[in-house]
Each structure stands twice: as C-alpha cells, then as structure tokens.
Amino acid sequence: MESPQETARDGVIRSLPQTVVNQIAAGEVIERPASVVKELVENAIDAGATRIKIDLEEGGVRLVRVVDDGCGMGTGDLELVFAPHATSKLHTPDDLDHIASLGFRGEAMASIGSIARCRVVSRQGDDGLAHTVEDTGGEIGDVVEAGGALGTTVEVRDLFFNTPARRRFLKRTSTELSRCLDVIQRIALAHEGIGFVVTHDSRRLFDVEPSMDLLARIRRTFGAELADSLVPVEFDEHPDRPGFGLRLTGFVAPPRFSRRDTSRLMWFLNGRFLRDKLLHRVVKEGYRGFLVENRQPVAFLRLAMDPALVDVNVHPTKAEVRFREGRRMFGMLVRALRDAVAQTDIATPGASLVDSMLKRELGPGRSELQPGQTWLPAGGSDHGVIRPAGSGWLGSEPSRPGTGGATGSTDSGSAGWSPAGTGGDREGFRGAQGTSSYPSEVDGQATAATPSAEGDIEAWATTDELRGPYLQVDKTYLLREVPGGFEVIDQHALHERLTYELLLRDLRAGSIEVQGLLVPELVELAKSEVELIGEHCEAIKTLGVDLAVFGPATIAVHGLPARIKRPNVEGMVTDLVHTIEAEGKPPNAEDVVEEVLHRMACRSSIMAGDSLTQEEIHALLSRARELGCDQTCPHARPTRVRFNLADLERAFHRR
Amino acid sequence: MKVLCNREQLREGLAIVNGVIPTKSTRPAIENVCLVATENALELVGTDLEIAIRYRLDDVKVADTGTVLIPARVANEFVRDLSEETVSIDSGGDNCVISSGGDRVELVTIESDEFPVVARFQETHSYPLLAETFNKQIHRTSFAAAREPGRYAMHGILIEIEEGRLRMVATDGRRLAVTSTVIDCPEDAAHRAIVPTKGLQMFSRILSDPMARVRISFEETQFCLKTDNAEIYARLIDGEFPKYSQVVPAEGACKVEADASLLVNKLRLASTVTSADARAVRLVFTEDHIELLARATGRGRATGQMDASYQGSEVDIAFNPDFLIDGLKQCESDRVHLEFNDRTSPGKFQLGQDYTYVVMPITIDT
C-alpha cells in the first residue's frame, strides 16, 4: 500500500479507487476458489437453474466455470453485472426482512471481477442471441453479442492473478479441489430438484440428478453405508397448517459415524447451508449420552421457517444467522432430534472390526480410499439396494429404496428389533409426569404383536427373542446369537446403563426407594468437602442418598438407593462431592443429577470379571431390552458390537 | 506309613476335609490332604489357610506310622467309589498306594514339610456346649451376614461370651440377627471373635451328632471347635463389627403379632411384581389387619391381605421382602412379633426365645 509520507502531501484521507474497494471486499468474500464456486453456484440457483455444471481446472485456481440453465440476463443486466452493490435480489430496504434468495448483497460479482479474468455469457428466454461481458481485474469491457445456450455461463480464470499476495496463500491443488467439492456437495444436498455435475481437468468427479432426494444425494456423496444407517427426523410445529411455523426434516446417523470435525454435521436453513452456534448446540444436546466427548455427530438437517423469523444479514458469507425465537426453537428441535437419535442402530457393527482386522493382516500398502467419499459413482443411481439380505441389520428395517419417497417415511424402521419403545418410553419419563403408565412395555408388545402397514416386509422380519445359550468370555463379554449373526455385549456397560436408567426413572417418577442402614457408614472427607455436603444434604437426599454431617471431617451415610446392590459407600460419596465441586451447581441441577446417577450406576453394576449364570444373563438382557435405551452405557460407550453373516463370510474369504 | 481302615469312615472323613481344601491354589501343597498315622489313629488334615480341619479315624490298624501328602480330590473320588469294607493305605518313597480288594490307585506324593502347620486345640479358653445348641446359633445368624463385597467385618459372624452367655450376631448393614444362649463358663469369662461365615458353615457340617458334647475355644488369631473326632479352626476377621447393642431398638410403639408362615406367603405373593433389584413391600397395619402392597414402575402392582393382632391407629412401613422372608423362615414359633416406631426406624422381629432380627425399612421419598 501507499506509504503515509506520500499521501500526506495531498491530505491524509481520500476515497479509494473502486477497483481497490472491490479488491478489499473480495478479501472478505473471496478467499479461495471454493468461495468463487459458492458465489457462482448460488447465483445460478437464484436464477432458477435446474441443472448446473461446474468445470474446474487446477483446483479452481486456473478456471471455475459455472454453466446453468436459469433465467439468464439481458444486455442491461450484463452492463451492471460487475458493478458493486448491484443485485437483482433486493430492491427496497424492506426486502432485507424476508430474504428468500441465497445472495443479496450484490458484492460477489464485483469482487470476483476485480481479482480474476471473468467472462459472463448469458441468454434470456425470449432473446434469440446471447450476450457477453468481460471483467479483467476490474477493467469491465463492453457488452457484445455472442453465441450461447439459454441460461448463464460464468467463467473465472486465473484467480488472484493481480493480487500475488493472496495467491501465495492458496494450498495445493488437491486441497483447493476438495474444498470446492465440499462446497458443491453441501449445496447439492441443500437443493433437491437441481442437478449438479462437477468436472476437474475434464474428469467427472461428482454428479447428482435433479430428481434425487436428500437421501439419494447423501448416498451419492457419502456412500451407501452411511445412507443406509440414517434415521429420518421429521418435526412440524403445526402439522395441520403446512408452511406455517417451524419444520424440521432430515436424517441423523448412528453415533458410530461420528467424526472429529463437524464436516458432516449440516444444517440447511431454507436451503442455505449454515454453521450456527445455536443449531450446533441443538445437535450436541440431541446426541447427549450417545456420543463420547469430542466427537461430532453426523446429521443432515433441514429447517424451514418463515424468513421473517430469522436474520441472515449478519455475516458476509452468511454462515451465521440470528433467530428471533431461538430459545423456544431449541427445546422443540432437541426433542425431535433425541427421539430420532435413540432410534439409530447404536451398536458398533462387526464389519468395522473385521475391516480393521483384515487391514492388520494385509498390512499397509492397500490403497487408502478416502472413507465414505464417493468420487465416481459406480453404475446406476440406486446401487446399495442390491445388498445381500443379511446386511440389512436383523432384517427389521425395511430396506429403504435408494431413490424416491424415503424422506417422507418416518414411520418405517420403527418396528421390529431396533428399540421401538425408545422414543415413546424416553418421552414418557422425560416428561416427568410421574404417572405410572408403562409405555415401554406397552409399546414393545404392540410393535411385536401387530405388524404395521408395511406388513409384507415386516412379515419376513425375524424377531429377536433374546434366546440363549450365552457364552461369557473372560467374565466380561457376553456372546449370543442374534438373527442373522451374533453380538458381543459388554456386561458392565449394559448393566450400568440399566441401573442408571432405572435410577433415573425412579427419580423422575419422584420416588427413589431408600434402604436405610442399621449402622450409618462413616466416610472421612476433607473439611471443605464436608461443608459442601452439609449445604446440600436435602438435595442429595432426593437422589436416594441419605446422609448427614457427623463431624468436622466425617459424613454419616444413613441410607442408599434400594436398587443399588453392592454399595461402595465411600466411593459414592467421594464421587458425589467431586461432581458437585466440578459442576459448581447444587446437586439437584439436571446435569449434576445425571452425572451422580452415572457414577452410582457404575459403582454398583456388575463388573468385568463377575461370572454370570445363563439365567442372570437372560434377565440382564431382557430387562435392558424392556427399558429401550440399551445401546450405550451412560458414558456413551457402546454396550454391544454386532457381527452379521456377511461380516463372517468376508472374514473367512467366502466371498 | 502303612494303615488299614474302614472304607466308610475314610470316605466320610475325606469328604469333610475336602470341603475345605481348595481345588486351585497359588500354593499347590494345600491342594493335598495330609494323612498322619500315629500309634492308634489316622488323622486327615486339610486347610485353605483360612479354615483348617483335622479329622481323626480311630478304628484303624497302624502298621507303620508316618505322614504323607496325597492329592485330595483324586483320593476322595477314588475312595468314594470303592466297594470293599477295608482300605489299605501304604506309602513309601515318593508314592502312595490306596487299595481295597482288587482295586488300587498309586498316587505320586509330595514332600510333607511343604504343608502348613495346623495348630492343636487349646483347652485354655475353651467351653463345653451341646452340638445342637451351637449349630442352631449358626443357622439363626449366618443368613444375615453380608455377601456382597465391601464392609469386610460384616462377612463374618460375631461370637461373644459375656456374663455367662454365648451370643452370636450377623449383619449386612441393612438387617441384623442376634441370638444368645446360656453357656457353662466362669462368670468373668469374656471373649469376642469375628469368624468368617463360610468357616462357620463348615463348622456346622461336622456337627453331625446333635447330642454330642463339643468344645469351643477362643484363641488370639483363630476360633476353634472340637468334637469327638474332629477339630476345626477358623482364622478371625480383624475388623470393627457394628455395635449391635445400639442397633437393636428397645421397644417399639407399634406392636404386631402375626402368623409367621402366612406372612411369608403374603410377602411372596405381593413381591411377585417387584423386580429383583428394586424390592419394597409396604405393610399397612390397621386394627387386627395387615395389608401388603407392592408396586414396580413398568411392571404393575400387587396387594395381599391377612389378619394379625394389632391395636392402634393406621401405620405403615416398607421393607425389602427378601429380608423379611429370610428371617421369617427361621422363626421358631408359629407367631412372629414385630415392633417398630415409625416408617423410618428399624423393625424388630422376635423370631424365638433370645432370638431377635432387626431390619431397616425402605423409605420412599415422595
């Protein structure tokens, strides 16, 4: 930039030339080829395109070409296309209050034009001829006639050719390419009804047909394994008044698909991808107890709501928004999500174990495929349906059709093995109604007895009756046959979950039964800890632990939850103190209660190393089943790992 | 060593001693039974280092005295299946032959000095009593001792001699059984020992003749019992036993008398709906009547009714039915007496003369 001494001669402040203004704006909007791709594709979508072709060269640095079949532009439009703050999407300030288009700021084209060699060719429906205009680093040419198909083609070549400083920040071609693809795939997921084709150096990388729905698009983008495991989410605030209020649709993946990053946790608000803190918290809350810490769930969620209830004009790349009624929304969304998450198949599939085993045996050197990333779709659009019957887990979920209709069918997959009672059951006691209706049992029986509407598929589904014999391995793991395979259960984790849920259920029903102790058990603690306990005695009592301060450094425990079979009083009290200390909240705060119950459950459960009889194992399994959520321990470790026949066949090289 | 003995006596002795001998141990020598032949007797000795037992066979002919260690399980199984009247045991070098009629087994022996030293019965602090009396005290208490891990001292039964009485107490922290009986001892005799429950159950096994006179003895680290042909030693638990005298309530405000076996019946009936780990049966007492109520979230509810003698206003208290049934099964008369103050204080059951059972209630916080 200019040095201060030079500028001082003609006055300190002066207006910047428009080119510089645009270049500065470009710094905000255009960081890398992927940003160009995003702006151009969004423009194409706003133009009403149904098919969009994106051609990239050298990761988009040398060329980004977006060809659409949208409404196109006339000569008048083309004259303004590279002018700053010129847009077709807004006309009056009022329009800002209900933005339905993806773009609206009118900065993108001007910014791109100032830092690359651009050319726009466009033909409107009623024009016989296309027109073109060029912008080379801010030098805008004249609109001239040209040949071209209906719609608009935008070419951006040599990005940052006139701003070498920025060019230096670009990464390797493969990195830039994957960022571009990332953007395109995200947009493709958000826009059902629009087809996308992506090529790189003339090689076709990714495509989706306009007719593909969200699930088919996920399958195409991330592979069949993920797509087949997804559970639909559907929530409508006013189901009887479509288009009014909040509507949530989409899919959640079982916790085992979780990742370190949030790259597959996608929220689409009215067709716009966003990373919003509030929505992120919704998902985190929805997966609470199902996911180990520091793992990010995989979910594809679409939120439709009145544009007036949300402000999208708070962030230059529009990744963040502001909701008018965030608080109210939060609760509703979390509930809808939790129900769906609880229905996912949480068990670790044996397949992944077999995979890792095979990998170990074959050693390194196997081509490293990027997991889940489908680069070149093989064959027809609905591959993945032709899977062997054995791999549709336990045959309980009617295998979803690869294309069409799947998004709407929330009720599929709710019968049969996967804990059907979970949804209703959890709600039952989460609602803290305290009524002693027994939803889990009722639900369970109902689903088992009456085949649902999809009867012909259901009729073939095998029901799992938890039949033995069971094999106990190392007094720690339980093995049993399940229809179409076998499963390995971690006895401690399962029992811990069971104890925890029962304690929680007791608590929500307002009655933890307390078994009094004949002789109070004394626990020595630090003085500060005793004081802390002393403050919260009453609240702790509601958790079923009846204790009192006995001396300056001693606590007397008079009673413990009757459910707890092998009380380790000292451990429990220290856990209690530490939890209260760590959370810094009174012990009847929701999250403290959960943590305390977790620990209690953990301390009093069957341990690894306890030998169990067949009857005990059966009782454990069936009681856990009755409860519904028996797939993870309260610390979200899985309780079971399943192998199906296909896994075994692969392991034994039978196929 | 060379001995001739009666098969039946040998079989019984080996079976009893085998009850103590561990099948797997870090010290292989104690997986053996130690045979000691003296001038006129054969002694079988076994131990798991917590409990030790000496069993003496008198009706034997000893040709050569000596000591030999043989694998306990093999010897026991071989002798059990013999059919001839007499059995000969003959050891020399590093093997031992057990034979009877045409059947024989040759066992490899190991050095007898690897076997731990088992003490002899000390008469100093020993007191005589009837086998039946002692056995009864064990049965009256052992069911109430702790079985779950933790609370080490409660895994034993407290045996006390005080003011001319022998008292035994067992508790798992939630219920407590206490029983006492007169014992022939000097007035100033006072002893106290916590004996592992498992050990005492072993004691009970060798008290086969109810009318036999036996002696018990308190030593520094072990508690011993001597019968005519056996001695058994249990290592004491070193720990603090709850002060039972503070636990047993003096007198309760509510007094109930009921048919013991009928009450067991009704408790079973009501507890059918409760699950294995959450059991509470509420007893509601109205004039001359008990109503039993049980319910379990997610399962259902059950009620039972029975007559009982009770005077006063309506009161209720909830217990773990397993605890009550365990105790009521020991009740020595047809009628059981229950006393308690309120729903949070312990219930005191009189199960027989000098036999009290105290159970802490379950409180349901609503």
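Residues numbered from 1 in each chain as written. Chains lettered and ligands numbered in written order. Predicted model: local features only at pLDDT ≥ 70, side-chain atom pairs only at ≥ 80, totals over all residues. Heavy atoms only, no water.

Caption draft 1: Main features of the overall build of chain A. Broken down by element type, chain A carries 21 helices and 24 strands. The contacts in chain A between residues at least 6 apart in sequence include a share of 70% that link residues at least 24 apart. Here chain A displays about 30,400 Å² of accessible surface, and carbon together with sulfur accounts for 52% of that area. (Helix = DSSP H or I, 4+ residues; strand = E, 2+ residues; numbered from the N terminus. Contact = heavy atoms within 4.5 Å. Areas by Shrake-Rupley, 256 points an atom, 1.4 Å probe, with all protein chains shown as cover.)

Caption draft 2: Structural view of the overall build of chain B. In terms of regular secondary structure, chain B is built from seven helices and 27 strands. By residue count, 56% of the 366 residues in chain B fall in the buried class. Considering only contacts within chain B whose residues lie at least 6 apart along the sequence, 67% involve residues at least 24 apart. As displayed, chain B offers around 16,600 Å² of accessible surface, 45% of which is attributable to carbon and sulfur atoms. (Buried < 20%, exposed > 50% of the residue type's maximum accessible area, 1.4 Å probe, protein only.)

Caption draft 3: Seen up close, the pattern of salt bridges. Going through the model one piece at a time under the given rule, you end up with 47 salt bridges over all chains. The partner of A:Glu501 in a salt bridge is A:Arg497, with the nearest N and O atoms 2.8 Å apart. Linking A:Glu501 with A:Arg497, this pair stays in helix α16 (residues 491-508), spanning four residues, or about one helical turn. You can call A:Arg497 buried: its relative accessible area is 4%. For B:Asp58, the salt bridge is made with B:Arg56, and the minimal N-O distance between the two is 3.0 Å. (Salt bridge = Lys/Arg side-chain N within 4 Å of Asp/Glu carboxyl O.)

Caption draft 4: Molecular detail of the packing of aromatic side chains. Residues and elements named next belong to chain B. The tally for this structure, following the rule as stated, stands at 11 aromatic pairs over all chains. Ring centres 5.8 Å apart and planes at 20° place the aromatic pair phenylalanine 203 and phenylalanine 223 in the stacked group. Remark: phenylalanine 223 occurs in strand β16 (residues 222-226) and phenylalanine 203 occurs in helix α4 (residues 197-206); sequence separation between them is 20 residues. Accessibility expressed as a relative area gives 0% for phenylalanine 223, which makes it buried. (Phe/Tyr/Trp six-rings, centres within 6.5 Å; stacked < 30°, edge-to-face > 60°.)

Caption draft 5: Expanded view of the side chain of A:Asp276. Looking at where A:Asp276 falls in the secondary structure, it is placed in the loop between β13 (272-274) and α10 (277-286). Buried charge without a salt bridge: A:Asp276, with A:Arg322 as the nearest opposite-charge side chain at an N-O distance of 7.6 Å. (Lys, Arg positive; Asp, Glu negative; His and termini not counted.)

Caption draft 6: Local environment of α16(A). Residues and elements named next belong to chain A. With 18 residues, α16 extends 26 Å from end C-alpha to end C-alpha; this agrees with the ideal 26 Å at 1.5 Å per step. In terms of burial, α16 is a largely internal element, 17 of the 18 residues being buried. Put simply, aspartate 490 is the residue that caps the front of α16, since its side-chain oxygen is 3.1 Å from the backbone nitrogen of histidine 492. Phi turns positive one or two residues past the end of α16, at glycine 510, with a value near 85°. (Expected span 1.5 Å × (residues − 1). Polar contact = N/O pair within 3.5 Å; in protein donor to acceptor, adjacent residues only side chain to side chain.)

Caption draft 7: Molecular detail of helix α20 (residues 614-627) of chain A. Taking 1.5 Å per residue as the helical rise, α20(A) with its 14 residues ought to reach 20 Å, and the 20 Å between its terminal C-alpha atoms agrees with that figure. Every buried residue belonging to α20(A) is among A:Ile617, A:Leu620, A:Leu621, A:Arg623, A:Ala624 and A:Leu627, and all of these are buried.

Caption draft 8: Structural detail: the sheet that holds strand β22 (residues 309-310) of chain B. Residues and elements named next belong to chain B. In spatial order, the strands read β14-β11-β12-β13-β26-β25-β24-β18-β22; together these nine strands make up an open sheet with antiparallel pairing. Each edge of the sheet is formed by a strand with only one pairing partner; in this case those strands are β14 (191-196) and β22. With five bridges connecting them, strand β11 (residues 156-162) and strand β12 (residues 165-171) associate as antiparallel partners. By the bridge assignment, isoleucine 161 is partnered in β12 with leucine 166. With respect to the sheet, helix α3 (residues 131-142) is in contact with β11, β12, β13 (175-182) and β26 (355-359), its orientation differing from that of β13 by roughly 165°. This element, α4, spans β11, β12 and β14 of the sheet and lies at about 90° to β14. (Pairing = 2+ DSSP bridges. Axes fitted to C-alpha atoms, helices over the stretch in contact; angles between N-to-C directions.)

Caption draft 9: Layout of the side chain of B:Arg54. Residues and elements named next belong to chain B. One can find arginine 54 in strand β4 (residues 51-57). Separated by 3.2 Å, the side chains of arginine 54 and glutamate 43 make a polar contact. Looking at arginine 54, its side chain comes within polar contact range of the main-chain oxygen of valine 118, at 2.3 Å. When near neighbours in sequence (up to four residues on either side) are disregarded, arginine 54 contacts Glu43, Leu44, Val45, Val118, Ala119, Arg120, Asn229, Ala230, Glu231 and Tyr233.

Caption draft 10: View of the packing of helix α18 (residues 569-583) of chain A against helix α19 (residues 590-604) of chain A. Residue and element names in this part refer to chain A. Viewed as axis vectors pointing N to C, α18 and α19 meet at an angle of 155°, and their least axial separation amounts to 10 Å. The angle between the axes of α18 and α19 places the two elements in the roughly antiparallel class. In this structure, the crossing between α18 and α19 has a hand that is right-handed. Of α19, the residues touching α18 (which contributes Gly571, Met572, Asp575, Leu576, Thr579, Ile580 and Glu583) are Asp591, Val592, Glu595, Val596, Arg599, Met600 and Arg603. Residues that form the contact of α18 with α19 fall into these classes: six nonpolar, two polar and six charged. (Parallel < 35°, antiparallel > 145°, perpendicular 65-115°, else oblique. Left-handed = near helix turned anticlockwise from the far one by under 90°. Nonpolar A, V, L, I, M, F, W, Y, C, P; charged D, E, K, R; others polar.)

Caption draft 11: Inspection of the nonpolar core at higher detail. Counting residues in hydrophobic clusters, the biggest one holds 102 residues, and the most contacted among them are B:Leu10, B:Leu42, B:Leu44, B:Phe134, B:Leu200, B:Phe223 and B:Phe285. Of all the elements, helix α6 (residues 260-270) of chain B adds the most residues to this core, at five residues. When neighbours within four sequence positions are excluded, B:Phe134 is seen to be in contact with B:Leu129, B:Leu166, B:Met168, B:Leu200, B:Phe203, B:Leu207, B:Ile216, B:Phe223 and B:Leu225. In terms of nonpolar packing, the next biggest core, distinct from the first, is built from 46 residues, A:Val61, A:Val156, A:Phe160 and A:Leu181 among them. (Core = buried A, V, L, I, M, F, W, Y, C linked by side-chain atoms within 4.5 Å.)

Caption draft 12: Seen up close, the pairing of strand β7 (residues 151-157) of chain A. All names here are of chain A. Within β7, five of the seven residues are buried, which leaves the element mostly enclosed by the surrounding structure. Across five bridges, the pairing between strand β2 (residues 63-68) and β7 is antiparallel. Within β7, the residue paired with valine 67 across the bridge is threonine 153. Strand direction decides the pairing type here: strand β3 (residues 117-123) and β7, joined by seven bridges, are antiparallel. When the bridges of β7 are listed, valine 121 appears paired with threonine 153.

Caption draft 13: Layout of the environment of A:Pro84. All names here are of chain A. Relative to the assigned elements, proline 84 resides in the loop between α4 (75-80) and α5 (108-115). In this structure the C-alpha to C-alpha distance between proline 84 and threonine 19, which are 65 residues apart in sequence, comes to 9.8 Å. Contact partners of proline 84, with chain neighbours within four places excluded, come to Gln18, Asn22, Gly106 and Ala110.

Caption draft 14: Inspection of the confidence of the model for chain A at higher detail. With 75% of its residues at a pLDDT of at least 70, chain A reaches an overall mean of 74. Here residues 1-8 of chain A is a poorly scored stretch, pLDDT under 50, and it has three contacts once near neighbours within four places are set aside; other chains count. (pLDDT = per-residue confidence, 0-100.)

Caption draft 15: A nonpolar patch on the surface, seen in detail. Residue and element names in this part refer to chain A. Nonpolar side chains collect at one region of the surface, where Leu16, Val21 and Ile24 lie side by side and expose about 250 Å² of accessible area between them. You can see valine 21 is positioned in helix α2 (residues 18-29). On the basis of relative accessibility, which here comes to 34%, the residue valine 21 falls in the partly exposed class. (Patch = residues over 30% accessible without salt bridge, like charges linked within 9 Å, V, L, I, M, F, W, Y side chains within 5 Å.)

Caption draft 16: Quick look at the sheet that holds strand β27 (residues 362-364) of chain B. The strand order across the open sheet formed by four strands is β22(A)-β23(A)-β21(A)-β27(B), and the pairing between neighbours is antiparallel. Taken across any chain shown, the strands that pair with only one partner, and hence form the sheet edges, are β22 (546-551) of chain A together with β27 of chain B. Adjacent strand axes in the sheet meet at a mean angle of 35° when their direction is disregarded. Note: strand β21 (residues 513-524) of chain A against strand β23 (residues 554-561) of chain A, seven bridges, orientation antiparallel. When the bridges of β23(A) are listed, A:Val514 appears paired with A:Pro561.

Caption draft 17: Spatial organisation of the pairing of strand β18 (residues 254-259) of chain B. All names here are of chain B. Side chains Cys254, Val256 and Ala258 project from β18 onto a buried face, and the interleaved Lys255, Glu257 and Asp259 project onto a face without burial. Bridge count for β18 against β22 is two bridges, and the pairing is antiparallel. Note on β22: the bridge partner recorded for glutamate 257 is serine 309.

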